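Read off the chains here:
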2 protein chains.
Amino acid sequence: MTDRQSTPAIPAFVLVRPQMGENIGAAARAMWNFGLDHMRIVAPRDGWPNPSAVALASGAGRLLDEALLCADLPEALADCTFTFATTARSRDLTKPVYSPEAAMQLAAQKIAAGERIAVLFGPERAGLENADVAQANALISVPVNPQFASLNLAQCVLLTGYEWMRASSDVAPRSDEMAGTDWAQHREVEALARHYEDRLDEAGFFFPEHKVTSMKTNLRNMWSRLPLTRADAQMLHGMMRQMVRWKERD
Amino acid sequence: MTDRQSTPAIPAFVLVRPQMGENIGAAARAMWNFGLDHMRIVAPRDGWPNPSAVALASGAGRLLDEALLCADLPEALADCTFTFATTARSRDLTKPVYSPEAAMQLAAQKIAAGERIAVLFGPERAGLENADVAQANALISVPVNPQFASLNLAQCVLLTGYEWMRASSDVAPRSDEMAGTDWAQHREVEALARHYEDRLDEAGFFFPEHKVTSMKTNLRNMWSRLPLTRADAQMLHGMMRQMVRWKERD
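Conventions adopted
Residues numbered from 1 in each chain as written. Chains lettered and ligands numbered in written order. Predicted model: local features only at pLDDT ≥ 70, side-chain atom pairs only at ≥ 80, totals over all residues. Heavy atoms only, no water. UniProt positions renumbered as here; feature names shortened; annotations may be inferred. Helix = DSSP H or I, 4+ residues; strand = E, 2+ residues; numbered from the N terminus. Rg over C-alpha atoms; globule rule 2.2 N^0.38 Å. Buried < 20%, exposed > 50% of the residue type's maximum accessible area, 1.4 Å probe, protein only. Areas by Shrake-Rupley, 256 points an atom, 1.4 Å probe, with all protein chains shown as cover. Lys, Arg positive; Asp, Glu negative; His and termini not counted. Charge placed at Lys NZ, Arg CZ, Asp CG, Glu CD. Core = buried A, V, L, I, M, F, W, Y, C linked by side-chain atoms within 4.5 Å. Contact = heavy atoms within 4.5 Å. Pairing = 2+ DSSP bridges. Expected span 1.5 Å × (residues − 1). Polar contact = N/O pair within 3.5 Å; in protein donor to acceptor, adjacent residues only side chain to side chain.

As recorded in an unreviewed UniProt entry, chain A goes by the name RNA methyltransferase, listed as coming from Sulfitobacter aestuarii. Looking at the Sequence similarities (unreviewed entry) heading of the UniProt record, one finds this comment for chain A: "Belongs to the class IV-like SAM-binding methyltransferase superfamily. RNA methyltransferase TrmH family."

Set out below in structure tokens:
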């Protein structure tokens, strides 16, 4: 219980031997976009703290202040129960490979069950070494254009963080098709259709005689097919009223 | 058929009034990571071609060479049948809002049905203006940390492209009874909107003065939101023409 309570509700993102401070800062921003603020940094090339990381992290600087600086990967993963390694090229190592989506869904399940999850991100140029990957339980492979796979560190962090937010929140709507919209009721669409038909009749729109019925049917059909809101209906009434006023003014 | 055959199998990503060339280049790289190479650029701040865009695009420079440069948004959307606008803050405009996942699934279905899809990305700082959004059929909202929403242009392009790759790799072309419908193209909706706005202006519909802009935006927004067929557009033109003839008859 206490162990469970002290378990963070989010995965730790571990930057392994990052090189440019700018990329560390950009990674922090990418993380915080999706509510992730648990960063661990293993043996950063240019030491720590890193001014250019701070400069780039603007708004997410807290993540750098609170980041856990580690001498090596085993230290960074010490308290973790399950580790994912993000990797571009496929490895000869036998490990389960997950898409970012499947990986973060699994991470959410494990965290809900009280586990501590880490996700490894390699150095900008080389990526993770096999020795690093060997310490992970599973791989995350981002589906990219085989002719052009050029995700940088912050982008890889961004996509993984994005999938974390999707996996961990029901907030992200699949698509709220204008939920809460004040749609026009049938009787209102009916009144709108009648208003237009009557005025257009007076105006001599329905012509020639043998086409009148089909023209009226087409017009009526359009009104029912269009997803009109109450506001749309009112505006359309107002437009027609104004055209009539305009005519009658002189 | 020929029209269907000439329809590209991917959405066009439209950068609206982009500022820094670096960001245009980064957007091109982000797109090509997911196999997207159809870019349109509207009124780039620093002109075109842009050397710093080329410098940043390394590996994806072809997208810039082949990008369609447009003077304004209507020109960029002229041949499109459905447009998504990516937006950070929510708008008062009544439009369906999709997650990137749901939006790209819908895009894949529409493209499979022969439609031409565009996705709008706003300028770095300000984002899309309401006048831009009013020309879109739906919105894409990326679920981000409400305390920290700081996606840059290339990152927004990256996430949308990533969802495109996920959606297009498993397109279930579910039968759609409106498939094969002769939808009005953007240029036709644009002409319809202009026709109504001009006549209603003459007729004194847009009043009082301080409401003119929002009234026009709401009207323009309605035209974009309604699924208009070519036949609908022609009928609506005819209705307005007849109202004017009626007025002028006496």
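Anyway, onward from the coordinates.
Caption draft 1: Just the overall build of chain A, in detail. In terms of helices and strands, chain A carries eleven helices and eight strands. Over its C-alpha atoms chain A spans a radius of gyration of 30 Å, topping by over 25% the 18 Å that the globule rule assigns to 250 residues. Overall, chain A is about 85 × 45 × 40 Å in size when its C-alpha atoms are taken along their principal axes. Within the span of chain A, comprising 250 residues, buried residues form 50% of the whole. Total accessible area computed for chain A in this model is approximately 11900 Å², and 52% of it derives from carbon and sulfur atoms. Across chain A, the centroid of the 26 positively charged side chains sits 5 Å from that of the 30 negatively charged ones.

Caption draft 2: How the structure looks around the nonpolar core. The biggest cluster of nonpolar side chains holds 88 residues, and the ones touching the most others in it are M39(A), F84(A), V157(A), M39(B), F84(B), M104(B) and V157(B). Excluding its chain neighbours within four sequence positions, the residues that come into contact with M39(A) are F13(A), L15(A), I24(A), A27(A), A28(A), M31(A), L63(A), L64(A), A67(A) and L68(A). Grouped together as the second largest cluster of nonpolar side chains are 47 residues, L228(A), F205(B), L219(B) and L228(B) included.

Caption draft 3: How the structure looks around the pairing of strand β4 (residues 82-86) of chain A. All names here are of chain A. When you tally the buried positions in β4, you get five out of five residues, the bulk of the element. The alternating pattern of β4 places F82, F84 and T86 and T83 and A85 on opposite faces, both of which are buried. The pairing of β4 with strand β6 (residues 117-121) spans four bridges and is classified as parallel. The residue bridging F82 from the neighbouring strand is I117, located in β6. Sheet topology places β4 next to strand β7 (residues 138-140); three bridges connect them, and they run parallel.

Caption draft 4: Just helix α8 (residues 153-168) of chain A, in detail. Residues and elements named next belong to chain A. Over its 16 residues, α8 extends 22 Å from the first C-alpha to the last, a length consistent with the 22 Å expected when each residue adds 1.5 Å. A large share of α8 lies buried, amounting to 14 of its 16 residues. Of the residues flanking the start of α8, the one acting as N-cap is N152, its side-chain oxygen 3.1 Å from the backbone nitrogen of A154.

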